[in-house]
Amino acid sequence: MAIQLSRRILGQSKMSRLFITLWVLPTIVDGQPQTQGDIIDSTSPPTTSPVNDIIDTSTPTTSPTVTPSLRPSSLPSSIPTLSQAPSREPTDRPSSSATPSQNPSNVPSMSPTLSFTPSAAPIQYSRPTRVDIRYVPWNELDPETQKIAMNLDYTNTTWNKYGANPIEESSWEDLTSEQTSNASLLGYDMKSWDCWINHYEGYRWIDMGQPFIQVLQWFTSLGWDIQSWTGKKEAPESDFKTWYELTSEERFSAAQLCYFRMTWNEVEVFTNGGFPIMKPDFRFDHWWKLDDEVREIADKSLKYSELTWNVLGLGAVEARDWMRFTSSEVEAAESIGWNQATWDCWINHFRSYSWENLVFYGLDFEYAALGWTEFSWDGSADAPSSSDRSWDELSEDEKDHATKLCYFEDNWDMIDITPNNGKFPYPKPKSRFSPWNELSDDEKEIAAESLQYSGKTWNSYGVAEIESKGWDELTPLQQSDAIRLGLYERTWDCFQNHYHSKRWISLEGEVRDAFRVLGWDENGWAANFRPPSYENKWGRLSEMEQTFANRICYFEDNWPGQAEEVKAENKTDASVAGDGVFDEDGTEVETGGNEEQDTSETGEKGNQIDSGSSESNTPSGTQEENSGSKWVSPAVPATLLMTAFGAWL
């Protein structure tokens with residue numbers, strides 16, 4: 001009776017034709033081993049010689065007998081037997097001859113062969129190259145490719161849903177010749193099909209350790225054994241986890257078996273917000289909202305500061321993936337709620353992976369959709385346009401792929417989550433607007449070395465040569481030192497350089513509008529011809545000019561027309577602190593406002609907007625609490641806008 005069983009359990013091994021070991025075992029006759037040449041033919045007639053014709057001696061002879069003895073003598077002979085023919089039985093020790101025997105023995109020796117050269121090592125496992133056509137959506141395939149796929153029983157649904165087509169349960173050897181021909185047209189061969197489509201699930205357990213396969217180690221790492229593989233016990237725990245629930249070791253093993261997130265999960269698994277892994281909410285709280293213990297660990301062990309924590313993506317530690325952490329950093333990160341999956345996705349976004357590693361884990365699909373290639377990734381080609389666009393400027397498809405890399409608007413735009421209720425687009429950097437004599441010795445040293453500040457150039461805004469450079473023009477050391485002083489790309493370009501190092505065409509819309517209100521145009525920008533408004537003191541600017549000057553981080557003290565050195569005795573801690581800044585105890589600095597300004601030239605009090613004021617020009621109720629740098633442009637009367645823009649609207 002024919003019994004059909006699963007190939008996994010009793011199917012013929014695909015390697016049985018390649019690896020066959022023949023063993024010739026001795027036959028036992030009358031208690032004595034017989035070699036292949038001693039096989040007794042049961043059909044032969046019995047011997048006619050009587051038993052007593054065989055000589056039985058009790059003592060060894062000095063020369064060999066004519067006929068063999070029935071059994072060996074009890075004493076060995078005094079000299080070895082000299083024979084020109086090889087012995088019938090193998091010896092239990094290697095021969096002393098310097099030359100090998102002419103013919104090999106018929107049975108294996110009883111001791112291992114002694115060799116001074118290594119045996120041939122098994123071929124090292126190498127994951128076959130991915131066939132990318134399988135991961136192109138059905139509606140993007142050309143008609144010819146769709147026809148080939150249909151010959152393999154694919155439909156629109158089973159093509160877009162991995163693992164849904166029953167043919168994917170078959171190994172290459174189980175396919176018909178017609179199916180292998182069609183699979184070959186898609187770019188598959190035996191190795192790539194069995195890994196990327198079948199994931200070796202059509203193999204027997206004993207096959208997977210063969211030298212030309214060697215995947216047993218990866219299945220073992222995932223918890224499989226022969227009992228679970230043959231269905232005699234439940235599948236291991238890893239089989240019930242989603243991709244990012246696997247441990248890092250399990251995920252590595254699964255990737256070796258040609259799985260990645262989409263094929264392992266088979267269906268898209270998303271958390272709230274459409275992310276592939278749960279969002280670590282505490283990372284998006286500002287520094288002083290963290291628990292004391294978390295803040296201390298972030299400070300001491302992961303080298304965060306208030307600035308590098310609050311500006312998403314700014315911290316040096318965030319440029320490293322989990323595998324580049326020291327053991328103490330791993331311990332610290334785990335103690336406050338991170339693991340490899342959450343860190344690499346939510347914090348590093350896999351940015352420090354090599355392109356090869358992105359491909360290994362299937363992450364290149366998402367970055368490729370954002371325009372990245374292997375060459376742009378390693379810096380040998382220009383970065384794609386998506387890297388320069390804000391979240392709002394991305395297409396919906398680009399946002400979808402960015403979301404799968406744990407991006408959303410705040411961390412894509414690298415916002416500063418420091419509460420900012422002031423009139424500037426970014427929180428005012430406290431240390432930069434502190435007088436030189438109030439800086440710590442460390443701060444003075446940092447400012448004086450790579451940034452080449454002196455006491456005079458520090459206190460006179462816009463005078464230092466370094467401030468004529470945009471952030472991208474600074475050296476890595478200068479950028480690092482600027483961060484230590486509380487400045488980063490956005491605050492440097494706004495408060496230090498005021499965007500003057502940028503080309504007119506590259507200015508963002510609101511920034512360009514602010515310069516237009518102040519009298520700039522494209523030609524004047526290219527010629528560096530400053531408009532008349534820059535010759536006025538702050539108090540002589542109109543209310544609208546002051547408002548738009550705030551948008552490019554100007555205020556009374558640093559306005560070019562003011563040209564006054566900062567006097568330490570005239571600056572209180574509150575006025576230096578600026579808008580929406582938190583003191584070391586986490587309390588927001590309350591600053592005074594509406595100071596009267598001396599406008600003796602006009603005899604009037606100017607409409608000064610105090611730089612230390614915590615009030616916003618935003619209409620009441622429009623500013624959200626803890627809004628970070630989601631800065632809302634101050635309201636500007638429509639009549640003033642029409643007057644200012646009438647010449648060029």
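All values derive from a computational prediction rather than experimental measurement.

**With respect to the overall build of the chain**
Okay, so step 1: Tallying secondary structure elements over the chain gives 27 helices and 2 strands in all.
Okay, so step 2: Within the chain, the fraction of its 649 residues that count as buried is 43%.
Okay, so step 3: Residue pairs in contact within the chain that sit at least 24 positions apart in sequence constitute 60% of those at least 6 positions apart.

**Points about the side chain of Gln256**
Okay, so step 1: Mapped onto the secondary structure, Gln256 falls in helix 8 (residues 248-256).
Okay, so step 2: The residues touching Gln256, leaving out its near neighbours within four places in the chain, are Tyr125, Arg127, Cys195, Trp218 and Phe360.

**Some points on the confidence of the model for the chain**
Okay, so step 1: With 67% of its residues at a pLDDT of 70 or more, the chain has an overall mean of 78.
Okay, so step 2: Within the model, the stretch residues 1-31 combines pLDDT values under 50 with 51 contacts to residues more than four positions away or in other chains.
Okay, so step 3: Counting contacts from residues 565-588, a segment whose pLDDT is below 50, to residues more than four positions away or on other chains yields 58 contacts.

**What to know about the state of the cysteines**
Okay, so step 1: Under the counting rule described, the total for this entry stands at 3 disulfides.
Okay, so step 2: The disulfide that involves Cys345 links it to Cys406, with 1.9 Å between the sulfurs. The sign of the S-S torsion, about 95°, decides the handedness of the disulfide formed by Cys345 and Cys406: right-handed. Here Cys345 is found in helix 13 (residues 340-347), whereas its partner Cys406 is found in the loop between helix 17 (396-403) and helix 18 (409-412), with 61 residues between them in sequence.
Okay, so step 3: Note on Cys345: relative accessible area 0%, which makes it buried.
Okay, so step 4: Judged by relative accessible area, Cys406 falls into the buried class, the value being 0%.
Okay, so step 5: Regarding the disulfides, the chain carries the connectivity 1-2, 3-4, 5-6 under sequence-order numbering of its bonded cysteines.

**Structural notes on helix 4 (residues 177-185)**
Okay, so step 1: Turning to helix 4, its buried residues number three or more, namely Gln179, Thr180, Asn182 and Ala183. All buried residues of helix 4 lie within an arc of 160° about the axis, which places them on one face of the element. Of the exposed residues in helix 4, those oriented more than 90 degrees away from the buried face are Ser177, Glu178 and Leu185.
Okay, so step 2: Contacts made by the buried residues of helix 4 are with helix 2 (143-151) and helix 5 (190-197).
Okay, so step 3: Phi turns positive, to about 110°, at Gly187, one or two residues after helix 4.

**Considerations on the nonpolar core**
Okay, so step 1: Formed by 90 residues in total, the largest nonpolar core has its most connected members in Tyr200, Tyr304 and Trp338.
Okay, so step 2: Other than its neighbours up to four places away in sequence, Tyr200 contacts Tyr125, Pro128, Asp194, Cys195, Met208, Ile213, Val215, Phe219, Trp229 and Leu257.
Okay, so step 3: Residues Phe495, Trp504, Val517 and Ile552 belong to the second largest nonpolar core, which totals 31 residues.

**Structural notes on a negative patch on the surface**
Okay, so step 1: On the surface, a cluster of negative charge is contributed by Glu169, Glu201, Asp239 and Glu266.
Okay, so step 2: Within the fold, Glu266 resides in the loop between helix 9 (261-265) and helix 10 (292-300).

**Concerning the packing of aromatic side chains**
Okay, so step 1: Following the criterion strictly, the structure yields 55 aromatic pairs and no others.
Okay, so step 2: With centroids separated by 5.1 Å and ring planes inclined at 70°, the aromatic side chains of Trp520 and Trp525 adopt a geometry described as edge-to-face.
Okay, so step 3: Note on Trp520: relative accessible area 4%, which makes it buried.
Okay, so step 4: With a relative accessible area of 9%, Trp525 lands in the buried category.
Okay, so step 5: These aromatic residues form a ring-pair network of at least three members: Phe282, Trp287, Tyr304, Trp309, Trp322, Phe325, Trp338 and Trp343.

**Some details on the pattern of salt bridges**
Okay, so step 1: Under the defined criterion, the tally for this structure stands at 19 salt bridges.
Okay, so step 2: A salt bridge links Lys399 to Glu396; the shortest N-O distance between them is 3.7 Å. Pair noted here: Lys399 and Glu396 are both in helix 17, with a separation of 3 residues, about one helical turn.
Okay, so step 3: Of the residues examined, Lys399 reaches a relative accessible area of 16% and is grouped as buried.
Okay, so step 4: Relative accessible area serves as the criterion here: at 61%, Glu396 is assigned to the exposed category.
Okay, so step 5: Taken together, the salt bridges that share partners define one network made up of Arg130, Asp132 and Asp364.

**A word on the packing of helix 23 (residues 509-517) against helix 25 (residues 543-551)**
Okay, so step 1: Two elements in contact, helix 23 and helix 25, have axes separated by 9 Å at closest approach and are oriented at 145°. For the pair helix 23 and helix 25, the sense of crossing is left-handed. Across from Glu510, Asp513, Ala514 and Val517 in helix 23, the residues of helix 25 making contact are Met544, Glu545, Phe548 and Arg551.
Okay, so step 2: Within the contact of helix 23 with helix 25, the residues separate by chemical class into 4 nonpolar, no polar and 4 charged.

**Some details on unusual backbone geometry**
Okay, so step 1: With a phi close to 70°, Asp153 is a non-glycine residue in the positive phi region.
Okay, so step 2: Positive phi is not limited to glycine here, since Tyr499 has a value of about 65°.
Okay, so step 3: Exposure remark for Tyr499: the relative accessible area of 9% places this residue in the buried category.

**As for the environment of Trp538**
Okay, so step 1: The topology assignment puts Trp538 in the loop between helix 24 (522-527) and helix 25.
Okay, so step 2: In this structure the C-alpha to C-alpha distance between Trp538 and Asn558, which are 20 residues apart in sequence, comes to 9.3 Å.

**Brief notes about helix 10**
Okay, so step 1: The complete set of buried residues in helix 10 reads Val294, Arg295, Ile297 and Ala298. Projection of helix 10 onto a plane perpendicular to its axis shows the buried side chains occupying an angular sector of 165°, all on one side. Projecting away from the buried face of helix 10 at angles above 90 degrees are the exposed residues Asp292, Glu293, Glu296 and Lys300.
Okay, so step 2: Those residues of helix 10 that are buried lie in contact with helix 11 (306-310) and helix 12 (327-335).

**Brief notes about the environment of Trp243**
Okay, so step 1: Assignment of secondary structure puts Trp243 in the loop between helix 7 (226-229) and helix 8.
Okay, so step 2: Among the residues examined, Trp243 registers a relative accessible area of 2% and is labelled buried.
Okay, so step 3: Between the C-alpha atom of Trp243 and that of Trp264, which follows or precedes it by 21 residues, the distance is 6.3 Å.
Okay, so step 4: Apart from residues lying up to four places away in sequence, Trp243 is in contact with Arg251, Ala254, Ala255, Tyr259, Phe260, Arg261, Trp264, Asn265 and Tyr361.

**Let's talk about the side chain of Asn497**
Okay, so step 1: Its location among the elements puts Asn497 in the loop between helix 22 (489-496) and helix 23.
Okay, so step 2: A distance of 3.0 Å separates a polar side-chain atom of Asn497 from the backbone nitrogen of His500.
Okay, so step 3: If near-sequence neighbours (up to four positions away) are discounted, Asn497 is found in contact with Glu467, Ser468, Lys469, Gly470 and Trp492.

**A short note on the environment of Ser460**
Okay, so step 1: Mapping Ser460 onto the fold places it in the loop between helix 20 (455-459) and helix 21 (476-484).
Okay, so step 2: Given the relative accessible area of 13%, Ser460 is considered buried.
Okay, so step 3: A sequence separation of 97 residues divides Ser460 from Asp557, and the C-alpha atoms of the two residues are 9.1 Å apart.

Reading the values: rules and limits
- Residues numbered from 1 in each chain as written.
- Predicted model: local features only at pLDDT ≥ 70, side-chain atom pairs only at ≥ 80, totals over all residues.
- Heavy atoms only, no water.
- Helix = DSSP H or I, 4+ residues; strand = E, 2+ residues; numbered from the N terminus.
- Buried < 20%, exposed > 50% of the residue type's maximum accessible area, 1.4 Å probe, protein only.
- Contact = heavy atoms within 4.5 Å.
- pLDDT = per-residue confidence, 0-100.
- Disulfide = S-S within 2.5 Å.
- Arc of directions from axis to C-beta.
- Core = buried A, V, L, I, M, F, W, Y, C linked by side-chain atoms within 4.5 Å.
- Patch = residues over 30% accessible without salt bridge, like charges linked within 9 Å, V, L, I, M, F, W, Y side chains within 5 Å.
- Areas by Shrake-Rupley, 256 points an atom, 1.4 Å probe, with all protein chains shown as cover.
- Salt bridge = Lys/Arg side-chain N within 4 Å of Asp/Glu carboxyl O.
- Lys, Arg positive; Asp, Glu negative; His and termini not counted.
- Charge placed at Lys NZ, Arg CZ, Asp CG, Glu CD.
- Phe/Tyr/Trp six-rings, centres within 6.5 Å; stacked < 30°, edge-to-face > 60°.
- Axes fitted to C-alpha atoms, helices over the stretch in contact; angles between N-to-C directions.
- Left-handed = near helix turned anticlockwise from the far one by under 90°.
- Nonpolar A, V, L, I, M, F, W, Y, C, P; charged D, E, K, R; others polar.
- Polar contact = N/O pair within 3.5 Å; in protein donor to acceptor, adjacent residues only side chain to side chain.

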